[in-house]
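Descriptive structure summary
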Amino acid sequence: MSAILMYHSVSDHFVAPGLQVRPATFRKHFEWVREAGYEIGTVAEAVAAPRQKRLAVTFDDGFADNLPAFEWLLTQHIQATLFVCPDVLGTTAAWATRPEIRTLPLMDVEQLRASAQAGIEVGSHSWSHTSFNQLSAEEAESFLIQGIKWFQDNLNFRPDLLAYPYGHCPSHLQAAVEKHFDLALAVEPLSALPFRLAVPRMPALEELDREAFLLQLQRYDLQQFAEPPGQTTNPAENSR
């Protein structure tokens, strides 16, 4: 019963319900999951062991207000993964339709580099924040390659993980994605793609109280998406 949390902005300057959480709420989420018995680790660990009570923490877009949240996570020895689009680093979230989000600043290259050096895992969010629903297979592969090259040239590593902008990827892009990534993250389950290329994540929202938050974790339990319908669970594995 593993799951993956998804955050965007973490700020007391709360202007965007559905996209932001306040720092106090953010910290409370981790009290709740620890009380519920979740072990917090990496995305790869959560996906590899969907029957175990594991949790992974992800952030999309690289909002500058993530930096204090990263500092707190590292003091708590909590691993987190950040997905960024190189094309928009150091700017604002101009792709957003809501004006209060469009002005939120994104971290720059130096802040991203410092976060990676401090221990935050960094993954690809494609080259730009263009919806994959708008791309041909050739365009999608070009964006993926451009992003990978940027990471190699500027951060000296090749990203292992991909998160789709807006959380969507149509089936005609499957070959382009799996050519470059073994693991890709969505938001809602994408039935047209295999699990490893459409791993769902739970939006961790400000408005969820403890009960609703833990119920949502059950809804996004990776075991139900990772295993074929009708496959039974091994009781011995569940007892680990």
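You'll find the structure just up there.
What you are looking at is a predicted structure, and each value in this text was computed from that prediction instead of being measured.

**Things to note about the packing of helix α1 (residues 23–35) against helix α8 (residues 210–219)**
- At a minimum axis distance of 11 Å, the contact between α1 and α8 shows a crossing angle of 65°. Relative to α8, the crossing made by α1 is right-handed. Note on element contacts: α8 touches α1 through R210, F213, L214 and L217, opposite H29, W32, V33 and E35.

**Observations regarding the packing of aromatic side chains**
- In total, this model carries 12 aromatic pairs according to the counting rule given.
- Put simply, the rings of Y7, F26, F30, F59, F70 and W72 touch in pairs and so form one group of aromatic residues.
- Between the NZ or CZ atom of K53 and the centre of the ring of Y38, over which it lies, the distance is 5.3 Å.
- Positioned above the aromatic ring of F181 is the side chain of R158, whose terminal nitrogen or guanidinium carbon lies 5.8 Å from the ring centre.

**Some points on the nonpolar core**
- Counting 56 residues, the largest nonpolar core has F59, Y164, F213 and L217 as the members making the most contacts within it.
- Only β1 (3–7), α1, β5 (54–60), α3 (66–75), β6 (81–84), α6 (137–154) and α8 provide two or more residues apiece to this core.
- Element by element, the count of residues in this core is highest for α6, at 6 residues.
- Counting 13 residues, the second largest nonpolar core, distinct from the first, contains A56, L161, L183 and L185.

Scoring rules and cut-offs
Numbering of residues starts from 1 in every chain and runs along the sequence as written. In keeping with the model being predicted, local features are shown solely for residues with a pLDDT of at least 70 and side-chain atom pairs are shown and tallied solely at 80 or more, while totals for entire chains, interfaces and linings include all residues. Computation of side-chain values: all heavy atoms of the structure, hydrogens and water removed. Only the stretch in contact is used when fitting a helix axis, every axis being a line fitted to C-alpha atoms; angles between N-to-C directions are given from 0 to 180 degrees. Strands are runs of DSSP state E lasting at least 2 residues, helices are runs of H or I lasting at least 4, and numbering of each runs from the N terminus. Crossing handedness is defined as follows: a turn of the near helix away from the far one that is anticlockwise and smaller than a right angle gives a left-handed crossing, while the clockwise case is right-handed. Whether two residues are in contact is decided by their heavy atoms: any pair within 4.5 Å suffices. Side-chain rings of Phe, Tyr and Trp (the six-membered ring for Trp) are treated as a pair once their centres are within 6.5 Å; stacked means planes under 30 degrees apart, edge-to-face means over 60, and tilted covers the remaining angles. When the NZ atom of lysine or the CZ atom of arginine is within 6 Å of a ring's centre and also within 35 degrees of its normal, the charge is said to sit over that ring. Among the buried residues, those of types Ala, Val, Leu, Ile, Met, Phe, Trp, Tyr and Cys that are joined through side-chain atoms within 4.5 Å form a nonpolar core. Note on classification: 1.4 Å probe, protein chains only; a residue is buried when its accessible area is under 20% of the maximum for its type, exposed when over 50%, partly exposed between these limits.

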